[in-house]
Amino acid sequence: GLYHCAGDDPKRVSGELEKPVCVLPLWAWDQFIETPEGEEPPDLWDPNFENLGKKRYKRIAKYQEEMTQLQRSFKVGPTYTLAFWGNSRFLDVINWMV
């Protein structure tokens, strides 16, 4: 599922404030790459980056299975690189705004 909160307004809420958050399932990411421990993770500027790892595009059900398996096997050591492209047109990462 999806959980989104713009965060609590400190002028309206006292005590502990909820920070801004957007939580999605792992399969919502468009691409993931698992780099074994000791190997160099991919360069995000690599022109071939889009061809690395597993992608969700045109294979959603299989990708969901792969992400479920990944979630069950997370461990210390490998580097996990996750990328999302589908919503990038809605994000301003310079100013951190949606």
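Scroll up a little and you will see the structure.
Values in this document were obtained by computation on a predicted structure and should not be read as measured data.

Peer 1: Can you tell me about the pairing of strand β3 (residues 31–35), naming the residues and giving the values?
Peer 2: Counting buried residues along β3, 4 of its 5 residues qualify, which places the element largely inside the surrounding structure. Pairing geometry for β3 and strand β4 (residues 54–55), over 2 bridges, is antiparallel. The residue of β4 that forms the bridge with phenylalanine 32 is lysine 54. Pairing of β3 with strand β5 (residues 79–83) involves 5 bridges; the strand directions are antiparallel. By the bridge assignment for β5, glutamine 31 is matched with alanine 83.

Peer 1: Give me the sheet that holds β5: which residues, what numbers.
Peer 2: The antiparallel open sheet is built from 3 strands, whose spatial order is β4-β3-β5. On the outer flanks of this sheet lie β4 and β5, each paired with one strand and no other. On top of the sheet, helix α1 (residues 60–73) reaches β3, β4 and β5; it is set at about 40° to β3, its chief contact.

Peer 1: Let's hear about the nonpolar core: which residues, and what values?
Peer 2: With 5 residues, the main nonpolar core is built from Leu26, Phe32, Tyr63, Met67 and Leu70. Contacts of tyrosine 63, omitting those with residues within four sequence positions, involve Trp27, Trp29, Asp30, Gln31, Phe32, Lys54, Lys55 and Arg56.

Peer 1: If you had to explain the side chain of threonine 35 to someone new, which residues and values would you point to?
Peer 2: Tracing the backbone shows threonine 35 in strand β3. Ignoring any residue separated from it by four or fewer positions in sequence, one finds threonine 35 in contact with Glu40, Pro41, Pro42, Pro78 and Thr79.

Peer 1: Describe the environment of tyrosine 80, naming the residues involved and giving the relevant values.
Peer 2: If you trace the backbone, tyrosine 80 turns up in strand β5. Each C-alpha atom of the pair tyrosine 80 and proline 10 lies 35 Å from the other, and the pair is 70 residues apart in sequence. Apart from residues no more than four positions distant in its own chain, tyrosine 80 is found in contact with Ile33, Glu34, Leu70, Ser73, Phe74 and Lys75. Within the structure, the side chain of tyrosine 80 is placed 3.3 Å from the backbone nitrogen of lysine 75, a separation counted as a polar contact.

What counts, and where the lines are drawn
- Residues numbered from 1 in each chain as written.
- Predicted model: local features only at pLDDT ≥ 70, side-chain atom pairs only at ≥ 80, totals over all residues.
- Heavy atoms only, no water.
- Buried < 20%, exposed > 50% of the residue type's maximum accessible area, 1.4 Å probe, protein only.
- Helix = DSSP H or I, 4+ residues; strand = E, 2+ residues; numbered from the N terminus.
- Pairing = 2+ DSSP bridges.
- Contact = heavy atoms within 4.5 Å.
- Axes fitted to C-alpha atoms, helices over the stretch in contact; angles between N-to-C directions.
- Core = buried A, V, L, I, M, F, W, Y, C linked by side-chain atoms within 4.5 Å.
- Polar contact = N/O pair within 3.5 Å; in protein donor to acceptor, adjacent residues only side chain to side chain.

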